[in-house]
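# Geometric and topological summary
Letter by letter, the chains look like this.
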Amino acid sequence: MGGSVTETMTPSPGEVAPGNEEAVRAWDTVLYERWKTNRKVFVGALDEATAALLDLYPPPAGSRVLDCGCGFGESARTISGMVGDSGRVHAVDSSPHFITDAREELSDLPNVDYEVADVQTAQWEPAYDYAFSRMGTQFFAFPVPAMRAIRGALVPGGRLAKIVWRRKAESPFWAETENVVLEFLSRPETYEADTCGPGPFSMGNPETTEGILKSAGFTDIELTQLDFDYFMGADMDEAIEALTAIGPGAELIRLNADYGESKRPEIEEALAKRYSEWERPDGSIIGRASVWLVGAVNPGD
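Heads up: these notes are all about the structure in this document. (Residues numbered from 1 in each chain as written. Predicted model: local features only at pLDDT ≥ 70, side-chain atom pairs only at ≥ 80, totals over all residues. Heavy atoms only, no water.)

### Some details on helix α8 (residues 172-182)
Residues Phe173, Trp174, Ala175, Thr177, Glu178, Val180 and Val181 constitute the buried set of α8. Buried-residue contacts for α8 involve β5 (154-165), β6 (219-233), α10 (236-243), α11 (248-255), α13 (264-275) and β7 (285-297). (Buried < 20%, exposed > 50% of the residue type's maximum accessible area, 1.4 Å probe, protein only. Helix = DSSP H or I, 4+ residues; strand = E, 2+ residues; numbered from the N terminus. Contact = heavy atoms within 4.5 Å.)

Structure, rendered in structure tokens:
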């Protein structure tokens, strides 16, 4: 692995797995833009879960880390400090735009480098001691090959640590947002907008997640439930903007195109009424969320 890369040109995407083109395209276009606009909400809301995972499975000092689905690089920055100058972080995302931003934002970190790659088609040498992912493994069309590729990048005894959403119903702020939107819209049979593949809750069933990891060859699989307060926005307007930008309710609006946008004023009014139950004295909107903190080990061949 090389040193930090500081050029700002948009990198070219690597090979994308058949069936994953739509999700990769969505995350490099509309979802990238919406995530960036609402970054303060989406990233800050997961700080507690990220800290809990890294406390449960800390990357060793001096270790080589593969960060899958690195986004803007917030976790890569944290992990970079944990592994120290003698360690390395290889930040990977399928979106060239995310990688471009991560390179720029982390240009001060000499122990981080970057790659645009679809994990389902990636082929890494077994050179990493630790693989990390925060919500980056839920959108694969074929999750077993993807997790097998991650395991293949780990040395024998290497650790996987990742966060995935539990079932949608177990995170009421997601489920209730969708339920409100469903009062006005249904999922159209045909649509032109790109979706994010299987979606954020594809690993919500613990048996499914454990089965995927076992099939990929991991052992010592552990799933730890974490329930926490989820920051939806500093005020009502911010919460509504964020939750109608990304998530199951937001996707319903987007898939309905112009008709979905025409219903937005009514949807936002209904969401404000629902979210008022979660409003704190300072005006912030705080829902409840639930994730799995997942650990596993590459036993080697």
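### Some thoughts on the sheet that holds β5
An order of β3-β2-β1-β4-β5-β7-β6 is seen for the 7 strands of this open sheet, with the pairing classed as mixed. Of all strands in the sheet, those with a lone pairing partner are β3 (112-116) and β6, marking the two edges. In this sheet, neighbouring strand axes are inclined to one another by 20 degrees on average, regardless of whether the strands run parallel or antiparallel. Seen against the sheet, helix α6 (residues 96-105) touches β2 (88-93) and β3 and runs at an angle of roughly 165 degrees to β3. (Pairing = 2+ DSSP bridges. Axes fitted to C-alpha atoms, helices over the stretch in contact; angles between N-to-C directions.)

### Remarks on helix α2 (residues 30-37)
Listing the buried residues of α2 in full gives Leu31, Tyr32 and Trp35. Along α2, the residues classed as buried sweep out an arc of 105 degrees about the axis, all on the same side. (Arc of directions from axis to C-beta.)

### Topic: the pattern of salt bridges
A complete count under the given rule lists 21 salt bridges for this structure. When the shortest N-O distance is used, the salt bridge between arginine 77 and aspartate 108 registers 2.9 Å. A residue pair is termed long-range when its members are at least 10 positions apart, and arginine 77 in helix α5 (residues 74-83) and aspartate 108 in the loop between α6 and β3 qualify at 31 residues. Looking at aspartate 108, the relative accessible area reads 48%, which means it is partly exposed. Arginine 167 is paired through a salt bridge with glutamate 170; the nearest N and O atoms lie 3.7 Å apart. For arginine 167, a relative accessible area of 36% corresponds to the partly exposed category. Looking at glutamate 170, the relative accessible area reads 27%, which means it is partly exposed. One continuous salt-bridge network, built from bridges that share partners, spans Arg39, Glu74, Glu105 and Arg134. (Salt bridge = Lys/Arg side-chain N within 4 Å of Asp/Glu carboxyl O.)

Keep in mind these values describe shape, not function.
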